[in-house]
Amino acid sequence: MAQYSYGQLKEDYENFSNEFAIVRVNQKKISDSRQKFIVGDLAVELTCGFEASIATFSIYNCFDQEKGCFLVDELKKYIAMGSQVEISLGYAALVKPVFVGFIARTAFCYGRGELAHVSIMCMDAKGAMMAGCYCRQLISKYYSDAVNEILEKISYAKLQGTEIIKSLRISRTPDKTAGNSDDVLSLEMTSESDYDFIVRAAKKFNYEFYIDCGELVFRKSMANAATIIELGAGNGIMNMEAAYDLTGVIESAIVRGVDADKGRVIEAEVKNTNRLSIGSYAKNIVKGKKSVNIDATVSSSDEAQYRAGYVMNHAAYSLGRLECETIGLPEIKPGNYITIKGFGKPAENTYYIMDVVHSLDQYSGYRTKITACTDSVEKELKNGFI
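Because the structure is a prediction, the values reported are computed rather than measured.

S.K.: How should the packing of aromatic side chains be read in this particular structure?
M.R.: Describing an aromatic ring pair means giving the distance of the ring centres and the angle of the ring planes. Tallied over the full model, the rule gives 16 aromatic pairs. For the ring pair tyrosine 207 and phenylalanine 218, a centre distance of 5.1 Å and an interplane angle of 45° mean the geometry is tilted. Placement of the pair is tyrosine 207 in strand 13 (residues 207-212) and phenylalanine 218 in strand 14 (residues 215-220), with a sequence separation of 11 residues. Geometrically, the ring pair formed by tyrosine 337 and tyrosine 352 is edge-to-face, given 4.9 Å between the ring centres and 65° between the ring planes. Within this pair, whereas tyrosine 337 is found in strand 21 (residues 337-341), its partner tyrosine 352 is found in strand 22 (residues 350-361), the two being separated by 15 residues in sequence. One exposure class covers both tyrosine 337 and tyrosine 352, and it is buried.

What follows is the structure, encoded as structure tokens:
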């Protein structure tokens, strides 16, 4: 059963009437300003990929036509770079948070046939993690501990203090065992940023690293085995394209490394057992296609298996792609599954949401655009086909 019901949301949002957005900067609503600044052109681009999520909006009614200048004194509390930003979207009856981050760019725009305004670009906490380059030995011996160690730095404590990072959800990595760790060397960072190290750890174990409304998530890839909502024609979907493509799909992924202590080659193979088509011909096209990867960082059979899983996961989920636009639904976020019903199989399927764009403007109102993927024409989750 899906987490949310479209029918219930329609009732909660009073038939999706009167789209509404609240933008807070350092806990202050821009709409509550004395000058009655107007927020427009709002777009929130969310992802559970390795890149940062971003949000953009414009502030209008902020230019003094008589003096020919921007109202900087009144604006400064809402446009200072580094300020914490929280954006909520919904309808007059109810709004819900969709983005938490900080102001990364401020631009003053005048002329070009448009109203004078200030354009704001925000990034989630990943944007603050990308700068810097370090070569240092960590205390931690296991990757999940190392991620926690990095996030304990003073700079990230400050981000938590200002609620740019609200919480952490760090899942234990497979390399961490309950046994004696005396023979395990501590990890090191080699000419990389904090962001680069965590991405490297995520790729090593087939993990995800993303930020959900201020919560930093580091977990096994696609670990959420339940759908967030079921949608269909006449039930939220404005337009939709569900496409399947064999280009890039492989039969197996192989990763090889070297066990230096034992002087032997390590190899792990993961096979693609998913249903690739409504017929039987697709298997003949994919048969024999392998992705063979030599990875010098792999030093054990388990590491090779995790790495092969990452390679296969990436290739398998290139099979199906969903591009979908719905009525504005702030509940839809990356890192969840969505089920499409009512179009007939295989368009009717369960897809993993990778990217979401929430937008609100004067022309289209509030819309949600979804990019999702699947590794099978009939996706099965751990709790059965949804």
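S.K.: Please clarify how the sheet that holds strand 11 (residues 167-170) should be interpreted in this entry.
M.R.: Paired through backbone hydrogen bonds, the strands of a sheet run either parallel or antiparallel to each other. Taken in spatial order, the 3 strands of this open sheet run 11-14-13, and their pairing is mixed. Here the strands that pair on one side only, and so sit at the sheet edges, are strand 11 and strand 13. Each neighbouring strand pair of the sheet contributes to a mean axis angle of 10°, computed without reference to strand direction. For strand 11 and strand 14, the ladder comprises 4 bridges, and the chain directions are parallel. Residue pairing across strands places leucine 168 opposite leucine 216, the latter belonging to strand 14. Strand contacts of helix 4 (residues 143-151): strand 11 and strand 14, with the helix running at about 165° to strand 11, the strand carrying the most contacts.

S.K.: Looking at this model, I keep getting lost on the side chain of threonine 47. Mind explaining?
M.R.: Checked against the element boundaries, threonine 47 lands in strand 3 (residues 38-47). Side-chain polar atoms of threonine 47 contact the backbone oxygen of methionine 354, separated by 3.5 Å. Residues in contact with threonine 47, not counting those within four places in the same chain, are Ala52, Ser53, Tyr210, Pro334, Met354 and Asp355.

S.K.: Looking at this model, I keep getting lost on the pattern of salt bridges. Mind explaining?
M.R.: Pairing between side chains of opposite charge can happen when the charged atoms of each approach one another. Within this structure, the stated rule accounts for 17 salt bridges. We note a salt bridge from glutamate 267 to arginine 256, for which the minimum N-O separation is 2.5 Å. A residue pair is termed long-range when its members are at least 10 positions apart, and glutamate 267 in strand 18 (residues 264-271) and arginine 256 in strand 17 (residues 252-259) qualify at 11 residues. The shortest N-O distance in the salt bridge between aspartate 375 and lysine 379 comes to 3.0 Å. Using a relative accessible area of 8% as the deciding quantity, one classes aspartate 375 as buried.

S.K.: In this structure, what is going on with the side chain of asparagine 336? I would like to understand it.
M.R.: Here asparagine 336 lies in the loop between strand 20 (320-327) and strand 21. One polar contact links the side chain of asparagine 336 to the main-chain carbonyl oxygen of lysine 333, over a distance of 3.2 Å. At 3.4 Å, the side chain of asparagine 336 forms a polar contact with the backbone oxygen of proline 334. Sequence-distant contacts of asparagine 336, defined by excluding residues within four places in its chain, comprise Asn224, Ile228, Tyr351, Tyr352 and Ile353.

S.K.: How do you make sense of the environment of lysine 341 when you look at a structure like this?
M.R.: The residue lysine 341 is located in strand 21 in this model. A relative accessible area of 30% means that lysine 341 is categorised as partly exposed. Linking lysine 341 and serine 88, residues 253 residues apart in sequence, is a C-alpha distance of 28 Å.

S.K.: What's the story with the nonpolar core in this structure? I'm lost.
M.R.: Inside soluble globular proteins, nonpolar side chains tend to come together where they are buried. Ranked by internal contacts, the top residues of the largest apolar core, which has 50 residues, are Phe57, Ile59, Ile87 and Ile338. Those residues in contact with isoleucine 59, other than ones at most four positions away along the chain, are Ile30, Phe37, Ile38, Leu75, Tyr78, Ile79, His117, Val118 and Ile120. Phe50, Met129, Tyr207 and Tyr310 belong to the second largest nonpolar core, which has 44 residues in total.

S.K.: Could you clarify how one ought to interpret unusual backbone geometry in this entry?
M.R.: Among all residues except glycine, the phi angle is most often negative; among peptide bonds, the trans geometry is most common. With omega at 5°, the peptide bond leading from lysine 345 into proline 346 counts as cis. Summarising the element assignment, proline 346 is placed in the loop between strand 21 and strand 22. Here aspartate 41, not a glycine, exhibits a phi torsion of approximately 55°, which is positive. Note on aspartate 41: relative accessible area 40%, which makes it partly exposed. For methionine 222, which is not glycine, the phi torsion reads 55° and is therefore positive. Here methionine 222 lies in the loop between strand 14 and strand 15 (227-233). We classify methionine 222 as buried; its relative accessible area is 14%.

Cut-offs applied
- Residues numbered from 1 in each chain as written.
- Predicted model: local features only at pLDDT ≥ 70, side-chain atom pairs only at ≥ 80, totals over all residues.
- Heavy atoms only, no water.
- Phe/Tyr/Trp six-rings, centres within 6.5 Å; stacked < 30°, edge-to-face > 60°.
- Helix = DSSP H or I, 4+ residues; strand = E, 2+ residues; numbered from the N terminus.
- Buried < 20%, exposed > 50% of the residue type's maximum accessible area, 1.4 Å probe, protein only.
- Pairing = 2+ DSSP bridges.
- Axes fitted to C-alpha atoms, helices over the stretch in contact; angles between N-to-C directions.
- Contact = heavy atoms within 4.5 Å.
- Polar contact = N/O pair within 3.5 Å; in protein donor to acceptor, adjacent residues only side chain to side chain.
- Salt bridge = Lys/Arg side-chain N within 4 Å of Asp/Glu carboxyl O.
- Core = buried A, V, L, I, M, F, W, Y, C linked by side-chain atoms within 4.5 Å.

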